[in-house]
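# Inside the fold
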Amino acid sequence: MALISILCPCYNEAENLPLFWRTLSEALGDSQYEYEYIFVNDGSSDGTLEYLKRLASENARVRAIDLSRNFGKEAALSAAIDFAAGDAVIPIDADLQDPPELIPEMLRLWQEGFDVVEAQRSDRASDTFGKRLTAHFFYRFHNKISSPKLTENAGDFRLMSRRVVDVIKKLPESQRFMRGLFAWAGFKTTVVQYVRPPRPAGETKYNYKSMWRLALDAITSFSTLPLRLWSYIGAAISMTAFLGTLYIFVRTLVFGKDLPGYASTICLILFLGGVQLLGIGILGEYLGRTYMEVKHRPLYVVADIYGENEGGDKKK
Ligand code: UDP
Ligand code: MG
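What you see is a predicted model, and the numbers here were worked out from it, not measured in a lab.

Turning our eyes to something else, we now look at the site of ligand 1. Neighbouring ligand 1 are 18 residues; Glu13, Asp42, Asp95, Thr204 and Lys205 lie closest to it. For ligand 1, a nitrogen atom lies 3.4 Å from a polar atom in the backbone of Lys73. Here an oxygen atom of ligand 1 sits 3.2 Å away from a polar atom, N or O, in the side chain of Lys131. In isolation ligand 1 offers 530 Å² of accessible surface; the protein chains occlude 92% of this area.

So this is what it looks like as structure tokens:
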């Protein structure tokens, strides 16, 4: 019987977990598959860990990985992937915004031969207007300058076959935008649509600042265009400046001395200074990331493991 791993990163989800567990168990109740549930407690400060510990002790198919602090969703998901043994792997949010009822359909498509089944939000009405707008802009921009392209409005909720997961486990980078890495792996992909429901309890862990950080990680991980762009902008500005100089030179020769152009000079200096600082800033973004990357720090630290084979194969 095929084993399916359900991966669930949890950060302060104590309020949602009982309902989530019930919905998940019901959705997967009578199935031809065997399941393992890997919950990762990403440094929660509420009762998440206690709940997961109990779940793991009561249910042999549940494992709870307790990270030593909050490492962020991308790292928590990486941890879950490292522990997953399934023939297919499905990351899912604990807040019921990724409906477990979709999983049987994903599994059906997997049986049909797809390696990746992405769940795409056909309707983001449950998100705020600001989040929808920034998400739309992000996908447009990202897909314009990066490859591989991301499926718009598809989050981490998806099914991946073992060979896709094995590819992802081989990617050593520490600044991980999981959706991008999933897309990078490739393989035969299809999409199922769903309407994203609002959170039953608790609040989103992503504010505009953390979304901006994630978007920067995404773009710098998959595109070097922002870096290369400056040589073109620099070339265009130098060319314009050269033509301007030529024009002033010829005009001075023909018409004699001009009034001193104080204002225009200051404007040009400020403009060029700004352009240079911006260029250096973008260099800094990449350099900073290169610096973080060369440290080769582990992505996460596991404090404890509860459930099947407790304390077993700790990886990384
Ligand atoms: N999450 C996590 N670590 C974090 C932030 C979030 O493990 O630092 C988990 C969270 O518990 C949830 C999932 O990632 O299961 C998605 O988070 P959230 O619902 O806040 O994101 P949104 O749905 O608003 O994009
Ligand atoms: Mg959510």
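What follows covers the pairing of strand E6 (residues 154-161). Burial of E6 is extensive: eight of the eight residues sit out of reach of the surface. In this sheet, E6 lies alongside strand E4 (residues 88-91) in antiparallel orientation, the contact comprising two bridges. Bridged to Ala88 within E6 is Ser161. Relative to E6, strand E5 (residues 116-123) runs antiparallel, the two sharing four bridges. For Val116, the partnering residue across the bridge sits in E6 and is Met160.

One pass over the structure, following the stated rule, counts two cavities of 30 Å³ or more. Of the pockets and cavities examined, the second largest cavity occupies roughly 30 Å³. Residue lining of the second largest cavity: Glu118, Leu150, Thr151, Ala154, Arg158, Arg179 and Ala183, and that is the complete set. Along the lines of polarity and charge, the residues of the lining of the second largest cavity split into three nonpolar, one polar and three charged.

This part covers a nonpolar patch on the surface. Residues Met239, Phe242, Leu243, Leu246, Phe249, Val250, Leu253, Val254 and Phe255 make up a contiguous nonpolar surface patch of about 1,000 Å² in total accessible area. Take Leu243: it is sitting in helix H9 (residues 225-255).

At the metal site, the magnesium ion (ligand 2) is ligated by Asp95 (OD) and Gln97 (OE1), and these contacts range over 1.9 Å. Classification of Gln97 as buried rests on a relative accessible area of 10%.

Each disulfide consists of a covalent bond between the sulfur atoms of two cysteine residues. For the structure shown, the criterion picks out zero disulfides. Take Cys8: it sits in no disulfide, and the sulfur closest to it among the cysteines is that of Cys10, at 3.8 Å.

The next point concerns the nonpolar core. Counting residues in each nonpolar core, the largest one holds 39 residues, and the members touching the most others are Ile4, Ile6, Leu24, Tyr37, Phe39, Ile103 and Phe157. Ile6 has contacts with Leu24, Leu28, Tyr35, Glu36, Tyr37, Ile38, Ile90, Ile92 and Ile103, leaving out every residue within four places of it along the chain. Counting 38 residues, the second-largest nonpolar core is a separate cluster that includes Ala135, Ile168, Leu171 and Leu214.

Once that is clear, we can look at the confidence of the model for the protein chain. The share of residues in the protein chain with pLDDT of 70 or more is 96%, and the mean pLDDT across the chain is 87. This model gives residues 312-316 a pLDDT under 50, and the stretch forms 14 contacts once residues within four places in sequence are excluded.

The next thing to look at is the packing of helix H5 (residues 129-145) against helix H8 (residues 208-222). Interaxial distance between H5 and H8 falls to 10 Å at its minimum, and their mutual angle equals 10°. Judged by the inter-axis angle, H5 sits roughly parallel to H8. Along its contact with H5, which presents Gly130, Lys131, Thr134, Phe138, Phe141, His142 and Ile145, the element H8 presents Tyr208, Met211, Ala215, Ala218, Ile219 and Phe222.

Basis of the calculations
Residues numbered from 1 in each chain as written. Chains lettered and ligands numbered in written order. Predicted model: local features only at pLDDT ≥ 70, side-chain atom pairs only at ≥ 80, totals over all residues. Heavy atoms only, no water. Near = heavy atom within 4 Å. Polar contact = N/O pair within 3.5 Å; in protein donor to acceptor, adjacent residues only side chain to side chain. Areas by Shrake-Rupley, 256 points an atom, 1.4 Å probe, with all protein chains shown as cover. Buried < 20%, exposed > 50% of the residue type's maximum accessible area, 1.4 Å probe, protein only. Helix = DSSP H or I, 4+ residues; strand = E, 2+ residues; numbered from the N terminus. Pairing = 2+ DSSP bridges. 1 Å grid on protein atoms, 1.4 Å probe; cavity = no way out; pocket = protein on both sides within 12 Å on 5 of 7 lines; lining within 4 Å. Points joined across faces, edges and corners; volume = space filled by probe spheres on them. Nonpolar A, V, L, I, M, F, W, Y, C, P; charged D, E, K, R; others polar. Patch = residues over 30% accessible without salt bridge, like charges linked within 9 Å, V, L, I, M, F, W, Y side chains within 5 Å. Salt bridge = Lys/Arg side-chain N within 4 Å of Asp/Glu carboxyl O. Donors = N, O, S within 2.8 Å, 3.2 Å for Na, K, Ca; no water. Disulfide = S-S within 2.5 Å. Core = buried A, V, L, I, M, F, W, Y, C linked by side-chain atoms within 4.5 Å. Contact = heavy atoms within 4.5 Å. pLDDT = per-residue confidence, 0-100. Axes fitted to C-alpha atoms, helices over the stretch in contact; angles between N-to-C directions. Parallel < 35°, antiparallel > 145°, perpendicular 65-115°, else oblique.

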